[in-house]
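# Descriptive structure summary
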Amino acid sequence: MVLKIHGHAIAPLVRLVAEVCREKEVPYELVNVEVYKGEHKTPAFKEFQPFGQVPYIDDDGFILYESRAICRYIAKKYASQGTPDLVPHEPKAEAVFEQAVSIETSNFYPFALGITAEKIIKKHRGLEPNEARLSDLVNNLKAKLDVYEVILGKQAYLAGSSITLADLFHLPYGTIVFEELGYDMLEDRPNVARWWKDVSARPSWLAVKAKA
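Described below are features of the structure shown in this document.

Conventions and cut-offs
Residues numbered from 1 in each chain as written. Predicted model: local features only at pLDDT ≥ 70, side-chain atom pairs only at ≥ 80, totals over all residues. Heavy atoms only, no water. Helix = DSSP H or I, 4+ residues; strand = E, 2+ residues; numbered from the N terminus. Contact = heavy atoms within 4.5 Å. Areas by Shrake-Rupley, 256 points an atom, 1.4 Å probe, with all protein chains shown as cover. Lys, Arg positive; Asp, Glu negative; His and termini not counted. Charge placed at Lys NZ, Arg CZ, Asp CG, Glu CD. Core = buried A, V, L, I, M, F, W, Y, C linked by side-chain atoms within 4.5 Å. Buried < 20%, exposed > 50% of the residue type's maximum accessible area, 1.4 Å probe, protein only. Axes fitted to C-alpha atoms, helices over the stretch in contact; angles between N-to-C directions. Parallel < 35°, antiparallel > 145°, perpendicular 65-115°, else oblique. Left-handed = near helix turned anticlockwise from the far one by under 90°. Pairing = 2+ DSSP bridges. Right-handed = clockwise from strand over helix to strand, strands pointing away. Salt bridge = Lys/Arg side-chain N within 4 Å of Asp/Glu carboxyl O. Phe/Tyr/Trp six-rings, centres within 6.5 Å; stacked < 30°, edge-to-face > 60°. Lys NZ or Arg CZ within 6 Å of the ring centre and 35° of its normal.

Looking only at helices and strands, one finds 10 helices and 4 strands in the protein chain. Each helix and strand of the protein chain, placed in order from N terminus to C terminus, yields the pattern β-α-β-α-β-β-α-α-α-α-α-α-α-α. Summarising its shape, the C-alpha atoms of the protein chain cover approximately 50 × 45 × 25 Å along the three principal directions. Considering only contacts within the protein chain whose residues lie at least 6 apart along the sequence, 67% involve residues at least 24 apart. Working note: accessible area of the protein chain is about 10400 Å², and carbon and sulfur atoms make up 53% of it. Charged side chains of the protein chain number 26 positive and 29 negative; the gap between the two group centres comes to 2 Å.

Moving on, we come to the nonpolar core. Within the largest apolar cluster, 63 residues are counted, with the highest numbers of intra-cluster contacts made by Ile-5, Ile-74, Ile-115, Tyr-148, Leu-165, Met-185 and Trp-195. Setting aside anything within four residues of it in sequence, one finds Leu-165 in contact with Val-20, Cys-71, Arg-72, Ala-75, Leu-86, Val-87 and Phe-97.

The next subject is the packing of helix α3 (residues 67–77) against helix α4 (residues 91–107). Running from amino to carboxyl end, α3 crosses α4 at an angle of 155°, the nearest separation of the two axes being 13 Å. Considering their axes alone, α3 and α4 lie roughly antiparallel with respect to each other. Considering only the axes of α3 and α4, their crossing is right-handed. Listed contacts from α4 to Arg-68, Arg-72 and Lys-76 of α3 are Glu-94, Phe-97, Glu-98, Val-101, Glu-104 and Thr-105.

With that settled, the discussion passes to the pairing of strand β2 (residues 28–32). Of the pairings in the sheet, the one linking strand β1 (residues 3–7) to β2 comprises 5 bridges and is parallel in character. Among the inter-strand pairings, His-6 is bridged to a residue of β2, identified as Val-31. Between β1 and its parallel partner β2, the chain crosses via helix α1 (residues 12–23), and the hand of that crossover is right-handed.

The next subject is the pattern of salt bridges. By the definition in use, this model includes 8 salt bridges. Taking the shortest distance from any N to any O, the salt bridge between Asp-59 and Lys-77 comes out at 2.7 Å. In this pair, Asp-59 is assigned in strand β3 (residues 56–59) and Lys-77 in helix α3, connecting sequence segments 18 residues apart. Since its relative accessible area comes to 5%, Asp-59 is described here as buried. On the basis of relative accessibility, which here comes to 43%, the residue Lys-77 falls in the partly exposed class.

Next up on the list: the packing of aromatic side chains. Inspection of every chain in the model, using the stated rule, returns 10 aromatic pairs. Taken together, a centroid distance of 5.2 Å and an interplanar angle of 80° make the contact between Phe-178 and Trp-196 edge-to-face. On the criterion of sequence distance, the pair formed by Phe-178 in helix α8 (residues 171–180) and Trp-196 in helix α9 (residues 190–200) is long-range, its members being 18 residues apart. On the basis of relative accessible area, Phe-178 is assigned to the buried category, the value being 9%. A centroid spacing of 6.2 Å and a plane angle of 55° characterise the contact between Trp-195 and Trp-196, whose relative ring orientation is tilted. Trp-195 sits in the buried class, given a relative accessible area of 1%. The buried category is assigned to Trp-196, whose relative accessible area is 4%. Above the plane of the ring of Tyr-109 lies Arg-68, whose end atom (NZ or CZ) is 4.5 Å from the centre.

In structure tokens, the structure reads:
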């Protein structure tokens, strides 16, 4: 039975899960959820995702939600195919990987998501961005990327010499901030720019960049 991703095709984290499926050569079926009509907040949807968020997956009856957990599951279940070692197995390498994941979760995602919320989500709701908060988010993200510049000056990827989920986790909101919204945060950070050019040009991402 093919793995089913329940979510909206353009939702950032739905596209992330689809990207990882493609990295691991895992066929999937997108089951459309009409988020703009509030389908993800219905009791029927919350039976499988109690927070009313997309995506969740159904892998032959195994239900899992939270995109990072889903990506780990796919990478581990299909470890022998597709891009290798998206989650490393050796204890020290795995520890460094988890460190890199924590970097993304704590030092990138909150600020990139916040910028997205101010510039895009509020617009969809007919609201104006809070310019003071937006400026603070942008400045904070720039400061975090200064540290990325140091890390990526010593190694190709956040967890070392090989790409992992920690790098791929940046794709949805990095694409929004750096490309769709056009925030210039790469020109003065050549190591970050080199890394982003590499990661964002992966065929698996390009295949789902617009929609899963």
